[in-house]
Number of protein chains: 2
Amino acid sequence: MTDTENIDIKKAFAEEKLGWRGYVEWEKYPEKKELATRILNKSKFTPIPEFQFVPLPDTNPVLIGHRWKEYHEVLGLKHIVDFSWETVQKEKPDLIHLLDFPYNGETTREQLMEGKITSNKYHFIRNHGGVPDIDEDVFELEVGGLVKNPVKIPMKDLKDPSKFPQAEVTVTLQCSGTRRIEQIREYPGDGDELINAPWGEGAIGTAVYRGVPLKKVLKIACGGILPECKHLEFIGADTYFKKNNVFNYAVSVPWRKVRANEEVLLAWEMNGEPLPKIHGYPLRVVVTGHIGARSCKWLYRVNALAEPSMGPVQRQEYLYFTPQVGKQNSKYSNGFSIQQMPVSSAIIFPLDKKVIVHDGKITLKGWAYSGGGNWVQRVEVSNDGGSVWYAVNEENMTQKHYHAWRLWSIDIPTDAEGWLEFCVRTWDSSNNTEPTFVRSAWNWDLHVTSSCHRIKIYSVNRTRPETAKRLKLLEEHGEDIYNLSHPPEFSLEPLDEYLAQYRKYPREPED
Amino acid sequence: MTDTENIDIKKAFAEEKLGWRGYVEWEKYPEKKELATRILNKSKFTPIPEFQFVPLPDTNPVLIGHRWKEYHEVLGLKHIVDFSWETVQKEKPDLIHLLDFPYNGETTREQLMEGKITSNKYHFIRNHGGVPDIDEDVFELEVGGLVKNPVKIPMKDLKDPSKFPQAEVTVTLQCSGTRRIEQIREYPGDGDELINAPWGEGAIGTAVYRGVPLKKVLKIACGGILPECKHLEFIGADTYFKKNNVFNYAVSVPWRKVRANEEVLLAWEMNGEPLPKIHGYPLRVVVTGHIGARSCKWLYRVNALAEPSMGPVQRQEYLYFTPQVGKQNSKYSNGFSIQQMPVSSAIIFPLDKKVIVHDGKITLKGWAYSGGGNWVQRVEVSNDGGSVWYAVNEENMTQKHYHAWRLWSIDIPTDAEGWLEFCVRTWDSSNNTEPTFVRSAWNWDLHVTSSCHRIKIYSVNRTRPETAKRLKLLEEHGEDIYNLSHPPEFSLEPLDEYLAQYRKYPREPED
């Protein structure tokens with residue numbers, strides 16, 4: 001955009017199709033992308049907030065996506081920002097709003113553990129752009145690239161079981177940033193324009209998805225793929241930004257993954273209900289065992305490719321670097337692309353830094369998951385930071401699924417009092433388990449926190465007589481062991497008892 | 001105080017002596033102490049601020065001693081609070097004001113490392129009460145208890161070298177809470193009415209004190225101690241509170257410590273100047289190798305005792321508990337009394353979480369100290385969290401003293417980039433060294449953080465070509481490696497280089 005350039009933004013970046021609100025087609029119009037870049041290059045944007053070197057705000061939303069909003073606004077797309085937040089308030093009012101735009105919402109602990117299946121209302125959300133609002137009746141899916149016959153399939157046909165065989169799969173999806181807060185607390189990392197959300201343990205959820213295996217669509221609708229096809233690219237109707245370039249959201253998975261029928265699904269139903277708008281209505285991909293980012297929402301095009309997608313999400317994001325790579329030397333080619341998720345787990349109850357009054361046993365609950373084609377075999381919990389491990393009984397775990405987590409619960413014998421470190425690790429069906437410490441798998445982009453999840457618990461063992469006595473005394477004085485750092489107002493020991501003890505065992509030697 | 005009690009507080013808690021402002025004598029008047037307790041029991045006080053489970057305020061003063069001020073105010077002693085703060089502003093304007101009352105001030109890093117001797121202006125302060133304002137001309141020291149002849153010694157006589165032989169000793173004093181913040185960050189502990197200040201590495205300092213060895217005073221002025229005497233109690237003119245009881249500040253040290261001439265000094269001079277008011281003017285005790293709390297300020301009475309002081313500071317505070325003792329079971333008799341300080345050290349430069357751009361070597365500086373009659377023999381620094389250790393050369397350490405720290409400096413060969421963990425440990429003259437991790441010596445009252453001090457450093461090694469190239473690129477774009485979490489605005493790799501690399505080493509296997 002030269003200064004004399006006279007652009008009608010509304011017209012330049014108009015919505016593409018009738019009944020598709022909030023969808024701008026970028027990939028077919030290089031001149032439109034160039035114009036957007038010229039406009040973005042001339043604009044100043046609010047810097048990314050610093051939340052890694054300082055404590056997180058205790059607001060809700062926690063972080064405000066000023067920059068991403070401004071990207072949209074300067075291109076005349078503010079209505080997308082507004083519609084997205086309206087959708088959050090309608091569909092996800094009760095999440096922890098970690099980032100307001102693009103929306104990143106985390107499931108709270110109670111909702112996370114409500115059962116094997118996470119309600120649609122409570123399932124976490126990690127979006128990369130605004131929420132488009134698409135009428136299913138006018139929606140059609142394009143399939144092209146290295147296929148025998150490129151096609152456009154109306155939604156009605158896709159959902160017609162006489163045209164395409166359907167499948168229902170129980171799938172755990174998680175952001176590759178799940179438990180990122182542990183890495184941030186250990187060492188800050190890349191900020192990223194989009195904000196690497198400081199997720200806790202709630203960026204994971206499980207649902208039953210209904211749809212058509214992509215393999216069937218390629219075969220039935222397109223007559224199969226060409227031999228050169230090695231990757232399937234998914235393009236979503238949301239708008240994505242990277243270093244002042246603009247894109248439709250695009251990712252890809254290998255053909256070998258798609259070959260396994262139910263592992264790459266084109267889904268329109270989630271837990272028996274139509275996909276919520278914020279989850280990709282009318283159509284999304286569900287890729288089992290991979291990071292959530294591959295399960296493209298608002299899918300409108302599948303491209304059969306010889307190589308992985310060149311889209312920035314696939315090529316420049318979700319890279320796993322060795323720990324000595326960072327701002328001084330990271331490139332797109334020296335981290336590997338994160339596709340499959342490793343085995344990992346989390347303790348959801350009790351909360352970190354809680355005081356637990358108990359009778360010699362402490363109950364812990366959490367989730368355990370493995371991606372990449374593995375399922376959860378065994379969960380083990382340690383009450384000493386990772387030396388002694390107690391295995392969870394099968395009867396205290398939810399049922400096995402090929403592509404879903406298991407929730408677990410265990411009562412751990414606990415004699416010791418004071419601060420104890422509990423941690424959990426899971427073994428999967430390929431006998432993988434988790435690295436012991438956060439540092440063991442720390443990486444610059446703060447992805448895949450697969451190390452043993454740890455919590456600090458202040459143990460108060462009421463079966464010990466001295467402790468029982470103190471608890472009674474606290475109660476008599478209207479005080480509280482749970483308010484741990486608050487000093488009791490009463491004397492901790494009568495003078496005569498103290499002196500008797502002191503005189504029996506004096507502070508200094510006698511000679 | 002019954003509701004009908006009609007007390008003239010000004011009269012009840014009047015200052016004791018002409019020329020001694022802010023000094024109330026409590027220990028000789030049980031009825032005055034009882035009255036104070038009745039008043040305190042009937043009053044409501046602001047609770048201790050919660051600063052352990054939440055981030056520390058970034059204000060200065062950091063914490064406000066509402067409760068301790070209110071204790072003074074309700075007894076009509078507000079002028080002590082006011083005078084103390086005036087004194088801080090006059091004598092210690094440049095410290096980090098960790099707690100405004102009783103005043104706890106920490107030395108900043110630059111001032112801490114300015115040399116072997118800390119200037120009076122910059123030496124840390126940990127007070128337990130307000131600052132009294134005493135005229136030296138009317139001051140006299142009482143010495144009593146289990147001595148042959150109890151005496152009162154005017155200051156003029158005490159300072160007369162023809163009456164008492166003088167000594168000058170270089171002494172490091174530290175609060176037993178030095179580096180407490182590390183314990184708090186690991187696990188919160190006891191809050192304490194007085195507030196256990198969240199000290200960093202600056203609650204330590206070194207000065208040359210001039211005075212008279214207490215041993216000489218006891219011998220020359222009192223004709224010696226009685227055989228039953230095992231402890232010497234020091235009483236200060238400041239007012240101390242504990243569980244609604246009121247005291248003069250009182251602590252004690254064993255006679256065996258006093259026997260070693262220059263190890264317990266009655267001092268009036270600090271670095272060649274009269275003691276600053278905030279350091280105990282006109283007279284204080286200096287006990288070498290012990291926690292600072294034993295070096296009683298505004299000393300007005302020495303008591304020769306058969307047992308340690310019954311004062312709360314000696315009996316109920318500065319206790320060292322085993323890690324499984326806490327609010328549920330701590331007593332005054334199940335922690336041992338902290339007298340002597342162990343070997344410990346700290347890295348002062350660079351700061352924790354700093355980005356360091358270097359040419360293969362990183363310079364670290366800090367202090368090392370051992371109490372309890374030991375001196376510093378060797379300092380070792382690790383650049384890998386505590387496996388490989390580099391010893392500091394003798395020429396890079398300040399001179400040895402029996403009772404003082406050594407400052408040190410080292411250039412550590414550092415090849416690796418990214419986040420590294422440096423730590424320091426010291427070996428003393430009895431071959432003691434430090435526990436490796438904070439947890440190794442964590443204790444409920446958060447005293448004596450003697451574990452290896454650790455910092456996280458983001459290493460950027462400019463001798464590596466890829467790094468040099470990136471630094472140049474950042475500079476060309478007006479960006480900054482030091483602003484670590486801020487993402488660069490430019491592309492990290494040209495597309496052709498990326499593709500060449502990708503095609504040489506594809507993401508997935510070929511078969």
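Residues numbered from 1 in each chain as written. Chains lettered and ligands numbered in written order. Predicted model: local features only at pLDDT ≥ 70, side-chain atom pairs only at ≥ 80, totals over all residues. Heavy atoms only, no water.

Caption draft 1: Region of the structure containing the UniProt feature "domain: Moybdenum cofactor oxidoreductase dimerisation" (unreviewed entry) in chain A. The positions that UniProt labels "domain: Moybdenum cofactor oxidoreductase dimerisation" (unreviewed entry) are, in the present scheme, residues 337-458 of chain A. Helix makes up 0% of residues 337-458 of chain A and strand 45%, and the two end C-alpha atoms of the span are 40 Å apart. (UniProt positions renumbered as here; feature names shortened; annotations may be inferred. Helix = DSSP H or I, 4+ residues; strand = E, 2+ residues; numbered from the N terminus.)

Caption draft 2: Geometry of the UniProt feature "domain: Oxidoreductase molybdopterin-binding" (unreviewed entry) in chain A. Sequence positions flagged by UniProt for "domain: Oxidoreductase molybdopterin-binding" (unreviewed entry) are, in local numbering, residues 128-311 of chain A. Segment residues 128-311 of chain A splits into 12% helix and 39% strand. End C-alpha atoms: 13 Å apart.

Caption draft 3: Layout of the side chain of S344 of chain B. Residue and element names in this part refer to chain B. Here S344 lies in strand β18 (residues 344-349). We classify S344 as buried; its relative accessible area is 4%. S344 has contacts with Q174, R179, W367, A368, Y369, T426, E434 and S450, leaving out every residue within four places of it along the chain. (Buried < 20%, exposed > 50% of the residue type's maximum accessible area, 1.4 Å probe, protein only. Contact = heavy atoms within 4.5 Å.)

Caption draft 4: Quick look at the relation of the copies chain B and chain A. Turning chain B through 180 degrees and shifting it by 0.0 Å along the axis lays it on chain A, with an RMSD of 0.0 Å. Overall, the copies show the geometry of a two-fold rotation axis. Among all C-alpha atoms of chain B, that of P55 of chain B lies closest to the rotation axis, at 3.5 Å. When the interface residues of chain B are mapped onto chain A, 100% of them again lie at the interface, so the same face is used by both copies. (Least-squares fit on C-alpha atoms with pLDDT ≥ 70 in both.)

Caption draft 5: Region of interest: helix α4 (residues 78-91) of chain A. All names here are of chain A. Taking 1.5 Å of rise per residue, 14 residues should cover 20 Å, and α4 covers 20 Å from first to last C-alpha, within 8% of that figure. Those residues of α4 lying buried are I80, V81, F83, S84, T87, V88 and E91. Turning to α4, the residues buried within the fold contact α3 (66-74), β2 (96-99) and β5 (133-134). (Expected span 1.5 Å × (residues − 1).)

Caption draft 6: Structural view of the pairing of strand β9 (residues 204-213) of chain B. Residue and element names in this part refer to chain B. The buried count for β9 comes to eight of 10 residues, which makes it a mostly enclosed element. By the bridge criterion, eight bridges tie strand β8 (residues 167-174) to β9 in an arrangement that is antiparallel. Within β9, the residue paired with V169 across the bridge is Y209. Here β9 runs beside strand β12 (residues 264-270); their pairing, made up of five bridges, is antiparallel. What sits directly across from Y209, in β12, is M270. (Pairing = 2+ DSSP bridges.)

Caption draft 7: Spatial organisation of the pairing of strand β7 (residues 151-154) of chain B. All names here are of chain B. Of the pairings in the sheet, the one linking strand β6 (residues 140-145) to β7 comprises four bridges and is antiparallel in character. Counted as the bridge partner of E142 is K152 from β7. Linking two consecutive strands that pair antiparallel, namely β6 and β7, is a turn of five residues.

Caption draft 8: Highlighting the sheet that holds strand β10 (residues 231-242) of chain A. Residues and elements named next belong to chain A. Strands sit in the order β7-β6-β15-β10-β11 across an open sheet of five strands; the sheet is mixed. Each edge of the sheet is formed by a strand with only one pairing partner; in this case those strands are β7 (151-154) and β11 (245-254). Between one strand axis and the next, the sheet turns through 25 degrees on average, direction left out of account. Running at roughly 120 degrees to β11, helix α2 (residues 30-41) makes contact with β10 and β11 of the sheet. (Axes fitted to C-alpha atoms, helices over the stretch in contact; angles between N-to-C directions.)

Caption draft 9: Molecular detail of the interface of chain B and chain A. Taken together, the 77 residues of chain B in the interface contact 78 residues of chain A. Of the roughly 6800 Å² buried between chain B and chain A, counting both surfaces, carbon and sulfur atoms make up 52%. Summed over the shared surface of chain B and chain A, the result is six salt bridges. Here E489 of chain B makes a salt bridge to R67 of chain A, at a shortest N to O gap of 3.0 Å. Here chain B and chain A share 49 residue pairs in polar contact (both at pLDDT 80 or more) between them. (Buried area = accessible area lost by both parts, 1.4 Å probe. Salt bridge = Lys/Arg side-chain N within 4 Å of Asp/Glu carboxyl O. Polar contact = N/O pair within 3.5 Å; in protein donor to acceptor, adjacent residues only side chain to side chain.)

Caption draft 10: Quick look at the pattern of salt bridges. All names here are of chain A. Counting across every chain of the model gives 64 salt bridges over all chains. Between E142 and K28 there is a salt bridge, with the nearest N and O atoms lying 3.5 Å from each other. Residue E142 is located in strand β6 (residues 140-145), and its partner K28 is located in the loop between β1 (20-21) and α2; the two are separated by 114 residues in the primary sequence. Residue classification places E142 among the buried positions, given a relative accessible area of 5%. K28 gets classed as partly exposed once you look at its relative accessible area, which sits at 47%.

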